[in-house]
Amino acid sequence: MRITTMAGGRRAPMRPLDAALLRLQAMAARGVQPGRMAREVDVIVAEWLAMADADTAEVGTRLDELREQLAAGVVDAEEQVSYVDPDEAGAVKQAAITLAALVATRDAVAQARDAL
């Protein structure tokens with residue numbers, strides 16, 4: 001199914017914030033290590049700042065929104081970890097890696113915001 005807009009029949013472009021969230025969520029779901037997740041935040045911020053219409057204030061607003069979304073994701077992940085059966089070592093390990101990745105990402109976003 002293709003989503004189109006009324007004017008011109010083209011797909012509406014994804015907001016940079018939404019694209020970044022999807023990118024980071026996909027990485028976390030693959031079990032990417034926390035340090036790599038933090039570096040990806042740096043890549044995203046650099047991409048945002050390199051956009052033709054880049055405005056530092058707008059990038060700051062995106063980072064604030066991204067941090068809020070990630071903070072909510074950390075809370076959700078913490079809750080999910082509490083539901084994992086401690087006897088299932090693989091599930092415990094995966095939940096812990098995902099949580100650590102989300103925490104590292106949230107913290108990297110906060111640092112990037114402070115650095116603007």
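Our subject is the structure that appears above.
Residues numbered from 1 in each chain as written. Predicted model: local features only at pLDDT ≥ 70, side-chain atom pairs only at ≥ 80, totals over all residues. Heavy atoms only, no water.

Chemist: Just to check I follow, could you spell out the nonpolar core for this structure?
Modeler: Soluble globular proteins tend to bury their nonpolar side chains together. Met 37, Trp 48, Leu 63 and Leu 66 are the most contacted members of the largest nonpolar core, which has 24 residues in total. Listed by contribution, the elements that provide at least two residues to this core are helix H1 (16–29), helix H2 (34–50), helix H3 (56–83) and helix H4 (89–115). Setting aside residues up to four positions removed in sequence, Trp 48 forms contacts with Pro 16, Leu 17, Ala 20, Ala 54, Val 59, Arg 62, Leu 63 and Leu 66. (Core = buried A, V, L, I, M, F, W, Y, C linked by side-chain atoms within 4.5 Å. Buried < 20%, exposed > 50% of the residue type's maximum accessible area, 1.4 Å probe, protein only. Helix = DSSP H or I, 4+ residues; strand = E, 2+ residues; numbered from the N terminus. Contact = heavy atoms within 4.5 Å.)

Chemist: Any chance you could explain empty space enclosed by the protein here in plain terms?
Modeler: It is the rolling of a water-molecule-sized probe over the atoms that shows where space remains empty. For the structure on display, the rule yields 1 cavity of 30 Å³ or more. Taken as a whole, the largest cavity spans an internal volume of roughly 40 Å³. Every residue along the wall of the largest cavity is listed here: Trp 48, Met 51, Asp 53, Ala 54, Asp 55, Glu 58, Val 59 and Arg 62. Partitioned by chemical class, the residues of the lining of the largest cavity number 4 nonpolar, no polar and 4 charged. (1 Å grid on protein atoms, 1.4 Å probe; cavity = no way out; pocket = protein on both sides within 12 Å on 5 of 7 lines; lining within 4 Å. Points joined across faces, edges and corners; volume = space filled by probe spheres on them. Nonpolar A, V, L, I, M, F, W, Y, C, P; charged D, E, K, R; others polar.)

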